[in-house]
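Structural description and commentary
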Amino acid sequence: MRLVKCWFCSSTIYPGHGIQFVRNDAKVFRFCRSKCHKNFKMKRNPRKVKWTKAYRAAHGKDMTQDKTFEFEKKRNRPERYDRNVTEDTLKAIKKIDKIRSTREADHISKRLKPNKQKALKSDLKEIDQHINLIKAPGSQQQDSEKVKVMVSSNKSVQNEAMEE
Amino acid sequence: MAAALASRLTKGRSLLGGLTNAFSGLVSSSSGSILSQQQRTFIQMGTRLKVVDNSGAKEVMCIQSLRGKKGARLGDIVICSVKESATKVDVKKGKDAIQKGKVKKGSVVYGVVVRAAMQKGRVDGSQVRFDDNAVVILGIKEKKTDEKGKEKKQNYKGGFNQPLGTRVFGPVPHEMRLKKQLKILSLAQHLV
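Rules of the game
- Residues numbered from 1 in each chain as written.
- Chains lettered and ligands numbered in written order.
- Predicted model: local features only at pLDDT ≥ 70, side-chain atom pairs only at ≥ 80, totals over all residues.
- Heavy atoms only, no water.
- UniProt positions renumbered as here; feature names shortened; annotations may be inferred.
- Contact = heavy atoms within 4.5 Å.
- Buried area = accessible area lost by both parts, 1.4 Å probe.
- Salt bridge = Lys/Arg side-chain N within 4 Å of Asp/Glu carboxyl O.
- Polar contact = N/O pair within 3.5 Å; in protein donor to acceptor, adjacent residues only side chain to side chain.
- Helix = DSSP H or I, 4+ residues; strand = E, 2+ residues; numbered from the N terminus.
- Nonpolar A, V, L, I, M, F, W, Y, C, P; charged D, E, K, R; others polar.
- Pairing = 2+ DSSP bridges.
- Axes fitted to C-alpha atoms, helices over the stretch in contact; angles between N-to-C directions.

Within an unreviewed UniProt entry, the label attached to chain B reads 50S ribosomal protein HLL, mitochondrial isoform X3, and the organism entered is Raphanus sativus. On record in UniProt, under Sequence similarities (unreviewed entry), the comment for chain B is "Belongs to the universal ribosomal protein uL14 family."

In the annotation of an unreviewed UniProt entry, the entry for chain A reads Probable ribosome biogenesis protein RLP24, and the organism field reads Raphanus sativus. Its UniProt record, at the heading Subcellular location (unreviewed entry), says of chain A: "Nucleus".

Have a look at this one:
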């Protein structure tokens, strides 16, 4: 059993999924699902189709160069079965996956960070310039001129008068 | 690629003619779909196949599929009529040599389907499909009665194992091993 990558979107193809197309020059194209297969038949270039990994890598959206990718490289040499090696490999796979996904998330947030700062700056500017869209022009003046007035307690005298 | 697409649109459609095939409904309904994506079906009577060996024939038309009610698939044997064969000009000397005079236009031959545009399921669950329909010629079908008027019996139930040509072009699938076409596998340039 071997897990292969889809030619179009670069996702892993598990056994029992997808179609492989053999061209007459003996080049084999594997597709994970009919969506990728149909796009291929339409002669679309995966480097131009936004949702594919090829596009994201080509446009710097996703992390491409990292040491964690070297663990996944295809090796044509079969390894002799060793129980300990298998156990260690399975543990390592999980750990490497975790590391890789955190690194990928970091890459994306780093890419988005300057934009967030830009957005914050423009928001502050907007508040300064266009405060009239949020508050009425007159209300701002009145707020600052609020004065505290002391009220004397003459109520008790008035109440007695009314009662009579 | 453009040529392949063009050929697909002109050659790939199965000949319906006077056939009241159960599959005809499916084929006609999907042929009018958007993007003109073809529903690839079986190799049946009238299907034109490319010949990928050096037996002398170039194009062949299926007249009978020896397996399957609906038609032949990848790896099945078909009876074909040769529509186009190599001209005298094409005959070369040496390794490339076309087997001179073996298969002529109009002769009836047996062939095994080595490439089919219709996807075939493999034991590991995957599906394979090729770009075209191609056949390797196995033997010439002899006439039922010979010169003396006796009926000849041609044995094909046991299966043909030896191709007529000495070279096979293009990729060949592993399905040939299951079909006991080991000679074709050994002659193949690429195994898929």
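From this point, the discussion proceeds with the structure in view.
Quite often, the size of an interface is put as the accessible area lost when its parts meet. Of the residues lining the interface, 22 residues belong to chain B; the matching set on chain A comes to 17 residues. Carbon and sulfur atoms supply 57% of the area buried between chain B and chain A, which totals about 1,700 Å² over both sides. At the boundary of chain B and chain A, one finds 0 salt bridges. In this structure, the connection of chain B to chain A is made through 6 residue pairs in polar contact (both at pLDDT 80 or more). In terms of residues, the side of chain B that touches chain A owes the most to one element, strand 6 (residues 127-130) of chain B, which gives 4 residues. Of the residues in the side of chain B that touches chain A, the class split is 8 nonpolar, 6 polar and 8 charged. Sheet analysis places strand 3 (residues 19-22) of chain A next to strand 6 of chain B, joined by 4 bridges and oriented parallel. Across the sheet, Ile19 of chain A pairs through a bridge with Gln127 of chain B, a residue of strand 6 of chain B.

Once that is clear, we can look at the sheet that holds strand 5 (residues 120-121) of chain B. Reading across the sheet, the 4 strands line up as 4(A)-3(A)-6(B)-5(B) and stay open at both edges, with mixed pairing between neighbours. Lying at the two open borders of the sheet, with one neighbouring strand each, are strand 4 (28-31) of chain A together with strand 5 of chain B. Along the sheet, helix 1 (residues 34-41) of chain A contacts strand 3 and strand 4 of chain A together with strand 6 of chain B; its crossing angle with strand 4 of chain A, the most-contacted strand, is approximately 135°.

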